[in-house]
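Listed here are the chains, written in short residue letters.
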Amino acid sequence: MATTKEIKDRISSVKNTQKITNAMYLISSTKMRKAKEELDRTRPYFELQRKEIKRIFRNAEEVDSPYFYPETGRKEGESYAYLVITADKGLAGSYNYNVLHEAERVLEKHKKVKLFVVGEYGRHYFMKHDIPITQSFLYTAQNPTFHRAREICERLLSEYLNGEVDEIRIIYSDMKNELLCDVKTHRLLPLERGQFETKKEEIEKMSESEVRKEKDYEFYPSVNKVLDSIIRSYLSGFIYGGLVDSFSAEQNARMNAMSSANKNAEELLGDLSIEYNRVRQAAITQEITEVAAGAKAQKQRRAREEASRP
């Protein structure tokens, strides 16, 4: 049985660990809130880009772009580029496992796959399992910025436009709510023209002045050049959104993990307190018993001495 000192030392250790998990919970909460606020500030810009792509398809008679499936229909690709977004470290529940499990499923499904990885955890995992990585983006996953998203986009586009891959896809985590986080696989390129078709209801909502203005639009130097510029920004925005969503999901998973750790620590402290009181009471009882036994022995000794006197 452990002594009272050993139990007190363990209680002190659990309390120190609890301070760390509490601090990590608060840090993750702050990081997630800031990332979400930053994404919300930039979202209107990317929504406007989507509207501009729709406007191009409404007003341009012929749009021949490598970023879209041909009008004849969609063709299944043979080679793929996958951008896999993981965390830099663990202590985030099943966050990293779910992303890597989806990546392994993709690797089994497609034979020609080029991996592009963000996050130290994913990089070490693929290296440990001897899975080749085409490029690992060495900057941290803890600070998603639009500049970094643009760099990733340009690297992936170079593979696509040079004919190295037929499709570009992204694997990232999306936090639906505080309790549910889904791993999503989304195709970045090629895009489908139907994604940017203007619905009849949208056209009906347009004012007459807006309709007249659209008829006067001119694309300089050409519609394809304008579309190329917008598409690059649009894809960069989607990648940026994926980075922020993954980062937010990671922080949420870490918050849940630290919350569970705090609850377990509270339960452990309760059990240790009971055990400490039990051991302490046993020690007190033993001391009382020893004192009583000693007093009884002394009383018996004095009684024998008195009986032996003449």
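Student: It is not clear to me how the sheet that holds strand β2 (residues 112–118) should be interpreted in this structure. Could you clarify?
Tutor: The pairing of strands in a sheet comes from backbone hydrogen bonds and takes either a parallel or an antiparallel form. The strand order across the open sheet built from five strands is β3-β2-β1-β4-β5, with neighbouring strands paired in mixed fashion. Two strands bound the open sheet, and with one partner strand each, they are β3 (135–137) and β5 (181–189). With direction set aside, neighbouring strand axes in the sheet form an average angle of 20°. Relative to β2, strand β1 (residues 79–85) runs parallel, the two sharing seven bridges.

Student: Any chance you could explain the packing of aromatic side chains here in plain terms?
Tutor: Here a ring pair, both rings aromatic, is described through the centre-centre distance and the interplanar angle of the planes. In this structure the tally under the stated criterion is five aromatic pairs. Judged by centre distance (6.5 Å) and plane angle (90°), the ring pair of Y172 and F238 falls under edge-to-face. Here Y172, found in strand β4 (residues 167–175), pairs with F238, found in helix α7 (residues 223–308); they are 66 residues apart in sequence, far enough to count as distant. With relative accessibility at 8%, the residue Y172 sits in the buried group.

Student: It is not clear to me how the confidence of the model for the chain should be interpreted in this structure. Could you clarify?
Tutor: Detailed conclusions should not be drawn from predicted coordinates in areas where pLDDT is low. Scored by pLDDT, the chain has a mean of 80; 88% of the residues are at 70 or more. Least confident of the elements in the chain is helix α6 (residues 208–215), whose mean pLDDT is 59; most confident is β1, at 92.

Student: Got a minute to help me understand the side chain of S65 in this structure?
Tutor: Inspection of the secondary structure puts S65 in the loop between α1 (4–59) and β1. With a relative accessible area of 9%, S65 lands in the buried category. When residues no more than four places from it in sequence are discounted, the contact partners of S65 are N224 and L227.

Student: I'm lost on the pattern of salt bridges in this one. Help?
Tutor: Oppositely charged side chains are able to pair whenever their charged atoms sit close together. One pass over the structure, following the stated rule, counts 11 salt bridges. E120 is paired through a salt bridge with R123; the nearest N and O atoms lie 2.3 Å apart. Residue E120 and its partner R123 are both found in helix α3 (residues 120–128); the two are separated by three residues, about one turn of the helix. Residue R123 is classed as buried on the basis of its relative accessible area of 7%. Taken together, the salt bridges that share partners define one network made up of K114, R155, E159 and E164.

Student: It is not clear to me how the pairing of β1 should be interpreted in this structure. Could you clarify?
Tutor: Residues in a regular strand project their side chains so that they alternate between the two faces of the sheet. In terms of burial, β1 is a largely internal element, seven of the seven residues being buried. Alternating residues of β1 divide into S79, A81, L83 and I85 and Y80, Y82 and V84, and every residue in both groups is buried. Across five bridges, the pairing between β1 and β4 is parallel. The residue bridging L83 from the neighbouring strand is I170, located in β4.

Conventions and cut-offs
- Residues numbered from 1 in each chain as written.
- Predicted model: local features only at pLDDT ≥ 70, side-chain atom pairs only at ≥ 80, totals over all residues.
- Heavy atoms only, no water.
- Pairing = 2+ DSSP bridges.
- Helix = DSSP H or I, 4+ residues; strand = E, 2+ residues; numbered from the N terminus.
- Axes fitted to C-alpha atoms, helices over the stretch in contact; angles between N-to-C directions.
- Phe/Tyr/Trp six-rings, centres within 6.5 Å; stacked < 30°, edge-to-face > 60°.
- Buried < 20%, exposed > 50% of the residue type's maximum accessible area, 1.4 Å probe, protein only.
- pLDDT = per-residue confidence, 0-100.
- Contact = heavy atoms within 4.5 Å.
- Salt bridge = Lys/Arg side-chain N within 4 Å of Asp/Glu carboxyl O.

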